[in-house]
Amino acid sequence: MRRSGTLARQVLLVRVGRRGADLHGATDVLPEPRYQERPRRRYGLKRLPRTRRETVAPVGPLAGPVMVDKPVAPAPVASTTTPAPLLPGERTPARRVKFALVNACTLASLLLGINAIFVAMQGEVRLAALLLIACVAFDGLDGALARKLGVSSPFGAQMDSLADMCSFGLAAPVVVYASLAGSAPTAAAAVAAALVAACAAIRLARFNVSPNDGRFFSGVPTTMAAAVLALMVVIGMPVPGAVQIAGVALLAFTMVSSFPYAKLARLVTLPPWLLLAPVVGALIDIRLTFGLIVFGYLISGPVLWLRQRRTIV
């Protein structure tokens, strides 16, 4: 009986001793989460302020974990990226002047396109079409000058793409819509103009991310499509409004097609008699000649595509 009482007293002392050790932090073993609040409830320690502490990694091999009240913020990392220069290569005053001249041509094309929109809204459709033709001229001039002067740059390519979207993706549809007013239903004219704008945006975005072919265009370029639409307005094609809308829609779809179309540099290499035929035809009937040239160029894409497929097979 006495031995059992002694054993019971030892068990009680061990349990009470463990709680006291846990309360005063004299043990290396951390209490389980479900027992963390028990000493506070038992001994009335709820009134003591509680601070959230986090462990900081030791600063030396002999230092143990240190308890701090706030986390230490990491040191900011200095950025090593620098913006790309607008003009790659040697930045001499002469090259800067050439670079400014090329981009001035691009801005001239953009401003002419904006003015074409304003003029078309005033009802001067033919004048707006002539401004579009001037846009086409400046668009071809800036690229030729950039290559000849040796100031081609990614910045210039992006500027040219944005100017093309303004001049040929927005101004050209507005001019076409104004020219179709009265000769075609308003809803159909609006759909055809919106189709030109959407296809021009897709064409320009695809051109920026796809590799270029030195021999052919993949689809009709926006510059050439805008030139065709502007010349159609200036000449005044004597066709019904429904036929004009169908032609505008067909031209828009050819911009986003994958048919190969020859570049102007390849057209110059044609025999002289073949280049003289359009000039003679324009003197006889300019409208009929223009329609035949546009139709022949649009048909050349599917014909070249079928020919390439046959040679591959």
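Check the entry above for the structure.
Just so you know, these numbers come straight off a predicted model, no measurement behind them.

Reading the values: the criteria
- Residues numbered from 1 in each chain as written.
- Predicted model: local features only at pLDDT ≥ 70, side-chain atom pairs only at ≥ 80, totals over all residues.
- Heavy atoms only, no water.
- Helix = DSSP H or I, 4+ residues; strand = E, 2+ residues; numbered from the N terminus.
- Polar contact = N/O pair within 3.5 Å; in protein donor to acceptor, adjacent residues only side chain to side chain.
- Phe/Tyr/Trp six-rings, centres within 6.5 Å; stacked < 30°, edge-to-face > 60°.
- Buried < 20%, exposed > 50% of the residue type's maximum accessible area, 1.4 Å probe, protein only.
- Lys NZ or Arg CZ within 6 Å of the ring centre and 35° of its normal.
- Core = buried A, V, L, I, M, F, W, Y, C linked by side-chain atoms within 4.5 Å.
- Contact = heavy atoms within 4.5 Å.
- Axes fitted to C-alpha atoms, helices over the stretch in contact; angles between N-to-C directions.
- Parallel < 35°, antiparallel > 145°, perpendicular 65-115°, else oblique.
- Left-handed = near helix turned anticlockwise from the far one by under 90°.
- Nonpolar A, V, L, I, M, F, W, Y, C, P; charged D, E, K, R; others polar.

Along the chain, the position of Arg203 falls in helix 6 (residues 186–209). Polar contacts involving the side chain of Arg203 include one to the main-chain carbonyl oxygen of Val220, which spans 3.2 Å.

As a further point, take the packing of aromatic side chains. Scanning the model with the defined rule gives 3 aromatic pairs in all. Between the aromatic rings of Phe259 and Trp305, the centroid separation amounts to 5.8 Å while the plane-to-plane angle is 65°, which identifies the pairing as edge-to-face. Within this pair, whereas Phe259 is found in the loop between helix 8 (241–255) and strand 4 (260–262), its partner Trp305 is found in helix 11 (residues 286–312), the two being separated by 46 residues in sequence. A residue is classified by how much of its surface remains accessible, and Phe259, at 26% relative accessible area, is partly exposed. Of the residues examined, Trp305 reaches a relative accessible area of 34% and is grouped as partly exposed. The interplanar angle of 35° and the centroid separation of 5.3 Å between the aromatic rings of Tyr261 and Tyr297 together place this pair among those described as tilted. Placement of Tyr261 in strand 4 and of Tyr297 in helix 11 is noted, with a sequence separation of 36 residues between them. Exposure class is identical for Tyr261 and Tyr297. Each is buried. When the ring centre of Phe217 is taken as reference, the NZ or CZ atom of Lys263 above it lies at 5.2 Å.

In this structure, Leu132, Val175, Val220, Leu229, Val248, Met255 and Phe290 are the most contacted members of the largest nonpolar core, which totals 45 residues. At the level of elements, helix 3 (93–121), helix 4 (125–149), helix 5 (154–180), helix 6, helix 7 (222–235), helix 8 and helix 11 are the ones that each hand at least two residues to this core. If one sorts the elements of this core by residue count, helix 7 sits on top with 10 residues. The residues contacting Leu132, other than those within four sequence positions of it, are Ala116, Ser167, Phe168, Ala171, Ala172, Val175 and Ala230. One finds Leu87, Val102, Ala146 and Val151 within the second-largest nonpolar core, a separate group that totals 5 residues.

Moving on, we come to the packing of helix 6 against helix 8. Where helix 6 meets helix 8, the axes come as close as 8 Å, and the angle between the chain directions of the two elements is 15°. One finds that helix 6 runs roughly parallel with respect to helix 8. Regarding helix 6 and helix 8, the two cross each other, and that crossing is left-handed. Across from Ala188, Ala189, Ala192, Leu195, Val196, Cys199, Ala200, Arg203 and Arg206 in helix 6, the residues of helix 8 making contact are Ile245, Val248, Ala249, Ala252, Phe253 and Met255. Residue classes in the contact of helix 6 with helix 8 are distributed as 13 nonpolar, no polar and 2 charged.

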